[in-house]
Amino acid sequence: MSFDFLMTDHPAWHSDRFRQARVLRLDADTVWLVEVRERKVSTTLVSGDHPLPDLHVFTPPAAAHPHAAPIHAPLATLGSVGRLRNPSLWEALATAIIRQVIRAAQARKLHRDFCRLFGNGVAPSEEMDIYTFPSPERVLTLSDDDFTESGMAFKRRPLRHAATAFLAHGGSWSELSPSVLVKELQTIPGIGPWSAGAAVADWSNDWSLYPYGDLAVRTWARRANPDHSWPADEPSFARTWRRVTGEHLGTYTLLTLALGCRQAGAV
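Structural notes, computed from the coordinates. (Residues numbered from 1 in each chain as written. Predicted model: local features only at pLDDT ≥ 70, side-chain atom pairs only at ≥ 80, totals over all residues. Heavy atoms only, no water.)

## A look at the overall build of the protein
Heads up, the condition is: Numbered from the N terminus, helices here are DSSP runs of H or I no shorter than four residues, and strands are runs of E no shorter than two. As defined in this context, the radius of gyration uses C-alpha atoms, and a globule is described by 2.2 Å times the residue total to the power 0.38. Relative accessibility thresholds used throughout: buried, under 20% of the residue-type maximum; exposed, over 50%; partly exposed, between the two (1.4 Å probe, protein chains only). Two residues form a contact once any of their heavy atoms are found within 4.5 Å. In this tally Asp and Glu are treated as negative and Lys and Arg as positive; neither His nor the chain ends contributes. Throughout, a charge is located at the NZ atom of Lys, the CZ atom of Arg, the CG atom of Asp or the CD atom of Glu.
Helix and strand content of the protein: 11 helices and 9 strands. Relative to the 2.2 N^0.38 estimate, which gives 18 Å for 267 residues, the radius of gyration of the protein is 18 Å and therefore close to what a compact globule would have. Projected onto the principal axes, the alpha-carbon positions of the protein cover approximately 55 × 40 × 35 Å. Across the 267 residues in the protein, those meeting the buried criterion constitute 51%. Put simply, 60% of the contacts in the protein that link residues at least 6 apart link residues at least 24 apart. One way to put it: in the protein the 28 positive side-chain charges average out to a point 7 Å from where the 28 negative ones average out.

The following block contains the structure:
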């Protein structure tokens, strides 16, 4: 599978001079290591036997609808964008909680520190140590001091609520359609529309479910086309974005976030 740009928005991605790498835990037993060198993907089964999810490739629509003129051309410069779907609904949900209300760089640091302290290590080389995200069972064993040590004291309650809910309902949640799952996740204390939409988009790669009025999309839409009169407030922007993107809402949203990922140098 070929692509022009790998989207490394998820904080589990690590990089060195030679490659980008990420550990994926599919379940309690199955762990995969994914490495990307010069847009070539290699995978190593660390443990277990479940197959690795596909890396999805997103491309701009071949023919832009007239409404999409403000963003189609700048996003088309990305070419094809590869993104690895998060196979773990638990990690997608926990990551969305970590990302609540803080900047991406800080969320990345918190995520990595949490994994380093409480996850399991996988070392693709002497230069790069990567850790799996702790399981919901592990999260529920952590003390208040553990959360404080990892800088996650203010995420303690929602993570505990999410871990408890996932252990009770995770099996049935994975059978739901993504749109229904977004609503179901909001029954967890501390999980609102943003967290639920971001988690399900990460898990399903259906980016029409991402909260597309959020600051990240607004920021990078303006960077893509600073001459367009984008609304400043979230509700007005969301309505405009929905009209501009039309039937390609998910693709344009993903590509806009990928543009931000490339310009910010996510890893």
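Picking up after the structure, the text goes on.
## With respect to the pattern of salt bridges
This is how the line gets drawn: The working definition used for a salt bridge is a side-chain nitrogen of Lys or Arg within 4 Å of a carboxyl oxygen of Asp or Glu.
The tally for this structure, following the rule as stated, stands at 10 salt bridges. Measuring nitrogen to oxygen at the nearest pair gives 2.8 Å for the salt bridge that ties Asp202 to Arg83. Separated by 119 residues along the polypeptide, Asp202 in helix α8 (residues 193-204) and Arg83 in strand β7 (residues 81-84) bring together distant segments of the chain. Taken individually, Asp202 and Arg83 each receive the classification buried, so the pair is uniform in this respect. Through salt bridges with shared partners, one network takes in Asp16, Arg19, Glu35 and Arg37.

## Observations regarding the packing of aromatic side chains
Counted only if it meets this: Stacked, edge-to-face and tilted are the three classes for Phe, Tyr and Trp ring pairs, Trp counted by its six-membered ring, which pair at centre distances within 6.5 Å; planes under 30 degrees apart are stacked, over 60 edge-to-face, the rest tilted.
Applying the stated criterion across every chain yields a total of 11 aromatic pairs. Ring geometry for Trp230 versus Phe237: centroids 5.7 Å apart, planes at 45 degrees, classification tilted. Pairing Trp230 with Trp241 gives two aromatic rings, centres 5.8 Å apart and planes at 50 degrees, and the pair type is tilted. Separated by 11 residues along the polypeptide, Trp230 in the loop between α9 (215-224) and α10 (234-245) and Trp241 in helix α10 bring together distant segments of the chain. Exposure remark for Trp230: the relative accessible area of 9% places this residue in the buried category. Of the residues examined, Trp241 reaches a relative accessible area of 0% and is grouped as buried. Aromatic rings pair up to connect Trp90, Phe114, Phe118, Phe133, Phe147, Phe166 and Trp173 into one cluster.

## Concerning the nonpolar core
Where we set the bar: Here, the term nonpolar core denotes a set of buried Ala, Val, Leu, Ile, Met, Phe, Trp, Tyr and Cys residues that are joined through side-chain atoms within 4.5 Å.
Judged by nonpolar contacts, the single largest core of 62 residues is most densely connected at Phe114, Leu185 and Trp241. The contacts of Leu185, once residues within four sequence positions are left out, are Leu93, Trp173, Ile191, Ala196, Ala199 and Val200. Counting residues in each nonpolar core, the second largest holds 10 residues, with Phe3, Leu24, Leu26 and Trp32 among its members.

## What to know about helix α11 (residues 249-264)
Quick reminder: α-helices carry 3.6 residues per turn. Residues three or four places apart thus point the same way. Test applied: Expected span of a helix: the number of residues minus one, times 1.5 Å.
Under the 1.5 Å per step criterion, the end-to-end length of α11 is 23 Å for 16 residues, consistent within 8% with the ideal 22 Å. Among the 16 residues that make up α11, 13 are buried, leaving the element largely enclosed by the rest of the structure.

## Focus: the sheet that holds strand β6 (residues 55-58)
How we decide: By the convention used here, strands pair only if DSSP detects at least 2 bridges between them.
Overall, mixed pairing links the 3 strands, which are arranged β1-β7-β6 in an open sheet. Across the chains shown, the open sheet's two edge strands, defined by having one partner strand only, are β1 (5-6) and β6. Summarising the sheet, β6 and β7 pair through 4 bridges and their orientation is antiparallel. Directly across from His56, in β7, lies its bridge partner Arg83.

## Overview of the pairing of strand β5 (residues 40-47)
Here strand β4 (residues 31-37) pairs with β5 via 7 bridges, running antiparallel. In the sheet register, Leu33 faces β5, and the bridge partner there is Thr44. Remark: 2 residues form the turn of the hairpin made by β4 and β5, two consecutive strands paired antiparallel; Glu38 in that turn has positive phi of roughly 50 degrees.

Purely geometric stuff here, so don't read any function into it on its own.
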